Amino acid sequence: MVRRERGDVHGSRLSVMITVNAQYMQGRASIRGFMVSEPCSPKENHILASLPREEYGALSPHLESVFLPAGSVLYDSLHKSISVYFPVDCTASLVYGTADGASPEIAVIGREGMAGIALIIGDVSPWNRTIVQSAGFAYRLRASLMRSEFERIEALRRSLLQYISALMTQIGQTAVCNRFHSVEQQLCRWLLMHTDRLRTDELAVTQERIATLLGVRREGISAAAAALQDDGAIRYHRGRIAIVDRQLLEARVCECYAAIRNRYELFLPPHAAVRSIPRA
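Residues numbered from 1 in each chain as written. Predicted model: local features only at pLDDT ≥ 70, side-chain atom pairs only at ≥ 80, totals over all residues. Heavy atoms only, no water.

Turning our attention to the overall build of the chain. Within the chain one finds 10 helices and 14 strands. Classification of the 280 residues of the chain by burial places 50% in the buried group. The long-range share in the chain, meaning contacts at least 24 apart out of those at least 6 apart in sequence, stands at 72%. Carbon and sulfur atoms provide 51% of the accessible area of the chain, an area that totals close to 12900 Å². (Helix = DSSP H or I, 4+ residues; strand = E, 2+ residues; numbered from the N terminus. Buried < 20%, exposed > 50% of the residue type's maximum accessible area, 1.4 Å probe, protein only. Contact = heavy atoms within 4.5 Å. Areas by Shrake-Rupley, 256 points an atom, 1.4 Å probe, with all protein chains shown as cover.)

See the structure below:
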């Protein structure tokens, strides 16, 4: 059984969310053009995995598996939101809109964290936009319940506060990187950070989209991608970019990548690392 829900409508854009009964999903299925794999366990999300068994057991019945297509708008400043999301195999970009229409990415959220932090502190209209970058599954929870559990469950509160601190580090380091480092270094950081949060080294993204998120010219991304491909670090073709030699890419990236990664790894569960899930 597949039940399609019409989630938050943000202006003229519909945040399409598909709730999937896991017993229905066998192998891979196609839902209106989307290739959908079976949802991962909620514990693939590191915040949920950090909870003791009893606390996780109290929260898990309220978690709802949803498939988030790329481009879905989860939050923006104009509309009230009622849910938070724990990604398990998707990523979402926090973007900030400028007066001239630019929308640079200030952070990326994946299975290490949670989308909707602003709702936990009572801000129902976040100051930025959160847009799904790589399609996949997340677990949705009512924000009102999350706020009450945040107050009640010490382990959840501690994990979320540590995550917020790491997220602030990412936002600050991203600002430094975008100001002081080369386009090639920024591209390397972006590719590494996004694939860290997925179970694949291939991304469905255009160079134009990356240029928008980094706030640079498309020509700069094209030149940087061509140099990285010529050196065997990546491969790109028709809106897809794959990391071929991760070590080479890490050798070309600036120090911002390690600074952000190291900060997140301070609060991850003992069994988890940024790339702990086996690659497909």
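This brings us to helix 4 (residues 143-152). Within the sequence span of helix 4, burial applies to Ala143, Leu145, Met146, Glu149 and Phe150. What you see down the axis of helix 4 is that its buried residues fit within an arc of 150°, all on one side. Facing away from the buried surface of helix 4 by more than 90 degrees, the exposed residues are Glu151 and Arg152. Looking at the buried positions of helix 4, the neighbouring elements they touch are helix 2 (53-59), strand 7 (83-87), helix 3 (117-120), strand 11 (136-142) and helix 5 (154-180). (Arc of directions from axis to C-beta.)

Looking now at the nonpolar core. Inside soluble globular proteins, nonpolar side chains tend to come together where they are buried. In this structure, Val84, Phe86, Met114, Met146, Leu191 and Leu249 are the most contacted members of the largest nonpolar core, which totals 76 residues. Of the residues forming this core, the biggest block, seven residues, is contributed by helix 5. Setting aside anything within four residues of it in sequence, one finds methionine 146 in contact with Val84, Phe86, Met114, Ile120, Leu141, Leu156 and Leu160. (Core = buried A, V, L, I, M, F, W, Y, C linked by side-chain atoms within 4.5 Å.)

This brings us to the pattern of salt bridges. Applying the stated criterion across every chain, the model contains 13 salt bridges. The partner of glutamate 154 in a salt bridge is arginine 158, with the nearest N and O atoms 3.8 Å apart. Placement of the pair is glutamate 154 and arginine 158 together in helix 5, with a separation of four residues, close to one helical turn. For arginine 158, a relative accessible area of 44% translates into the label partly exposed. Here glutamate 265 and arginine 261 are joined by a salt bridge, their closest N and O atoms 3.1 Å apart. On the criterion of helical spacing, the pair formed by glutamate 265 and arginine 261 is a turn pair, its members being four residues apart in helix 10 (residues 255-265). When its relative accessible area of 30% is taken as the criterion, glutamate 265 is described as partly exposed. Classification of arginine 261 as partly exposed rests on a relative accessible area of 23%. (Salt bridge = Lys/Arg side-chain N within 4 Å of Asp/Glu carboxyl O.)

Now for the sheet that holds strand 14 (residues 240-243). Sheet architecture is open: three strands sit in the order 12-14-13, paired in antiparallel fashion. With partners counted over all chains shown, the strands left at the sheet margins are strand 12 (202-204) and strand 13 (234-237), one partner each. Going from strand to strand, the sheet's axes swing by 15° on average, the running direction of each strand aside. Summarising the sheet, strand 12 and strand 14 pair through three bridges and their orientation is antiparallel. Paired with leucine 203 across the two strands is isoleucine 241, which belongs to strand 14. (Pairing = 2+ DSSP bridges. Axes fitted to C-alpha atoms, helices over the stretch in contact; angles between N-to-C directions.)

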